[in-house]
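Summary of structural features
Given next are the chains, with one letter for each unit.
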Amino acid sequence: MAVFRAVFSGPAVVAATLLAVGCGDMSASRSIGQLPKDVKTLARQSLSRIDGDLKVAGLQKPVDVIRDEWGVPHTYAQNADDLFFAQGYVMAQDRLWQMEWWRREHEGRLAEVLGPAAVERDRQARLLKYRGPFDDAEWTSYHKDAKRIFTAYANGINAYIAQHGDNLPVEFTLTGITPEPWTAETVVLREPAFGDAVSELRLAMDVAKLGVKEANRRAAPDPWDDLTVPEGLDVSLITDEVLAATRAGGGRGQALPRPEILEKYRKLLPTSSALLLPVSDIHDLGSNNWVVGPSMSPTGKPIVSNDPHREVSNPSLRYIVHLNAPGWNVIGSGDPPFVGVSMGHNEKVAWGLTIVGTDFQDVFVEDLNPANANEMIYNGTPEPLKVVTETIKVKGESPRTVALKFSRHGPIFFVDEVHHKAYALRSVFTEPGTASYLGELKLDQAQNCKEFLELAMYWKANSENLICGDVDGNISWQASALTPHRKGGWLGRLPVPGTGRYEWDGFRAELPKEYNPSRGFIATANHNINPKGYWPPVVFKTTNTLPYDRITRILQVIKPGQVFSIEDAQKLQRDVYSLRGAADQAAFRGWTAKDPVVESARDMVAKWDALLSVDSVPAAIYITWRRLPEQSASGAEPATSVKHDAIEAGLRKTIDKLTADLGGDWSQWRYGRVHAQAYPHPLLKEFDLPTVERRGGNGAVGADGATYREIIDVSNWDRSLTINTPGQSGQPESPFYGNLLPLWTNDQYFQMTFSRSAVDAHAAHRLKLTP
């Protein structure tokens, strides 16, 4: 078993005393006009009640919220309106600060609180946002009662804000930021992202630099396609400047200034305290899922496993919830804005998801009218661009006015005035029903895996491999996303002229899917899922990395006809065997380094078990060598193509780096020390959680980004397992702020309690919300 090792970058803030006594309404302990002695006391005072009875305006009937010992809220309501109202209220209790930033990023309102550095980010978010109409085509795509559900959810959030207006979570108090009321329209905000359009621009630049054949050879598309440059596209005009326009404001991963702390609270912070820039230690993203059918399951019923990989953050991107009311009984995880359940199970079916990568965004290069920059030429005829003027409020400055332009194909993100070209993004996120993950609401009520496939057609974004197992023993899969049908003989790999020859012509009705395949199981891991002969593909992957991909390892472990249990699923989710490392070892064998110190390192890598174990010294040496610029530049090329002298020189650099970073004692060169995960609080280092040493990652099935895992036993829901990290709550000083971090660090799980008896047996806090 792995050992929980923490490198403290700040105090652990899990309040054990609160676990012992419960969290009552702490606000009463604050004296009006009197500052607490420190920022942690302030945080503790901002915690809201999770025990006892609490009157909440807007409910029709009482609702029970039972938080189990791991912090999962099990919500029992007597009608759907109260259920989703309570979900909104509970989410605001635990994640309101996170939800505030999700909202501001998607609405393009960061500059209001961060200042001029966020203006370009805001401009791009507004350029890419969904502008309606908010009609039945939008609402009913998610669920027949979606508008009512989203309104109830928003009302629950608003009830919490109104009830705690003078004692909001500590981040609001420290910064003076005030959350605004939510609406149903807030819930369906779209992601301001370019997606695969960026890949189109990069490939076009490679074609301009290398030629069509060489650029395509290096791209190694899977499935293979003989790349053709669309007629009329001048790839030489697509430059770094065009590409940079997709990263306006630095892009979503770029650091921005932190909100300022109000003057009256600065005295609570030590002089050494500083606002932190975002810290991310992401080594690999992606996801794994698989479902084994009755013939391979020891229970005779399907077992569904899923570990989607995303950013490792504090608070977690995921939140686990159980929703129970007439017509609803579903448990699992979701993403912001956290309404419903995105992956988990109800009483009949279990499901999970991984990203497909469906290409549903394209770049159109518009010809502008040289005589009028607000007109484009379409089918030989000038037509006006739409111009929308918006005002962006800026902290510390006067508001700025921006003019946003749109062609018939979408928002224009770059204008080449010299060549009279405009680059527009065509995206499914401008279509009705494409708010990310909200197609989940229909899946939450699916009754079997066949119906699941039908309902999965309404899952329009993001693109997901949705796998299913049901109580009748069926299994299924679909690559779900709103997928464009392209007219004009192009596949979406390169930008196209917006002259009228190349267009989207509706959306595809037949997507890749399976139902009870003869092999007895289904597995996906962000690989090429296009069935043989399926053309045009919904996505292109690359053959460059296939020998080392997670799907290759998964298919080595899960084989048709074998019994595959819950314990086997746990082992595979925690599998840290490096296919790339094992393949590269051949380059370290059969020769001797000239330098005896380097020879020791070479010998250790050559004899390594290829496991990225937290205590492994050879794993640390290999990964540090692999990260050298000269190795990174080689991309997917096998190390066997590297000459021995070059490997020896690289190992010398590796030893020097590890000695400088970790000291001269090789026994302390643990892999975990070069593969650590930080958990900075989004605002103050006083609320940081420990940095932990991790196994896996770097391409292993046991990946870094698996912040949420589920293994679901369809034969007995209460035997299902899950994990989230670092905790369910984003509120510092909550008992559930970092309580799950030790479990996650050691690749452990907790019980996903579902039956009322199991929930009661593990209940830690009981809150009754009453009208």
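These remarks concern the structure in this document. Quantities reported herein were computed from a predicted structural model and do not represent experimental measurements.

So, the state of the cysteines
A complete count under the given rule lists 1 disulfide for this structure. Each sulfur of the disulfide joining Cys 449 and Cys 468 lies 2.3 Å from the other. In this structure the cystine formed by Cys 449 and Cys 468 twists about its S-S bond by roughly -90°; its chirality is therefore left-handed. Residue Cys 449 is found in helix α15 (residues 449-456), and its partner Cys 468 is found in strand β19 (residues 464-470); the two are separated by 19 residues along the sequence.

Details of the packing of helix α20 (residues 617-626) against helix α22 (residues 644-662)
Contact geometry of α20 with α22 gives a least axis separation of 9 Å together with a crossing angle of 110°. Relative to α22, α20 is oriented roughly perpendicular. Between α20 and α22 lies a crossing whose hand is right-handed. In this structure, α20 uses Ala 620, Ile 621, Thr 624 and Trp 625 to contact α22, whose residues at the interface are Ile 647, Gly 650, Leu 651, Thr 654, Lys 657 and Leu 658. Across the contact of α20 with α22, the residue classes break down as 6 nonpolar, 3 polar and 1 charged.

Remarks on helix α5 (residues 119-128)
Across the 10 residues that make up α5, a large majority, 9, are buried. Along α5, the residues that are buried comprise Val 119, Arg 121, Asp 122, Arg 123, Gln 124, Ala 125, Arg 126, Leu 127 and Leu 128. At its buried positions, α5 is contacted by α3 (80-107), α4 (111-114), β15 (386-392), β16 (400-407), β17 (410-416) and β18 (421-427).

Quick look at unusual backbone geometry
The omega angle of the peptide bond from Gly 132 to Pro 133 is 10°, so this bond is cis rather than trans. Tracing the backbone through its elements, the reader meets Pro 133 in the loop between α5 and α6 (136-142). Of the consecutive residues Pro 336 and Pro 337, the connecting peptide bond is found in the cis state with omega at 10°. Considering the arrangement of structural elements, one finds Pro 337 in the loop between β9 (328-334) and β10 (343-345). Positive phi is not limited to glycine here, since Glu 733 has a value of about 80°. If you trace the backbone, Glu 733 turns up in the loop between β30 (721-723) and α24 (741-745). The backbone phi angle of Asp 747 is positive, close to 55°, even though this residue is not glycine. Position of Asp 747 among the secondary structure elements: in the loop between α24 and β31 (750-751). Here Asp 747 falls in the buried class, since its relative accessible area comes to 3%.

The rules behind each value
- Residues numbered from 1 in each chain as written.
- Predicted model: local features only at pLDDT ≥ 70, side-chain atom pairs only at ≥ 80, totals over all residues.
- Heavy atoms only, no water.
- Disulfide = S-S within 2.5 Å.
- Helix = DSSP H or I, 4+ residues; strand = E, 2+ residues; numbered from the N terminus.
- Axes fitted to C-alpha atoms, helices over the stretch in contact; angles between N-to-C directions.
- Parallel < 35°, antiparallel > 145°, perpendicular 65-115°, else oblique.
- Left-handed = near helix turned anticlockwise from the far one by under 90°.
- Contact = heavy atoms within 4.5 Å.
- Nonpolar A, V, L, I, M, F, W, Y, C, P; charged D, E, K, R; others polar.
- Buried < 20%, exposed > 50% of the residue type's maximum accessible area, 1.4 Å probe, protein only.

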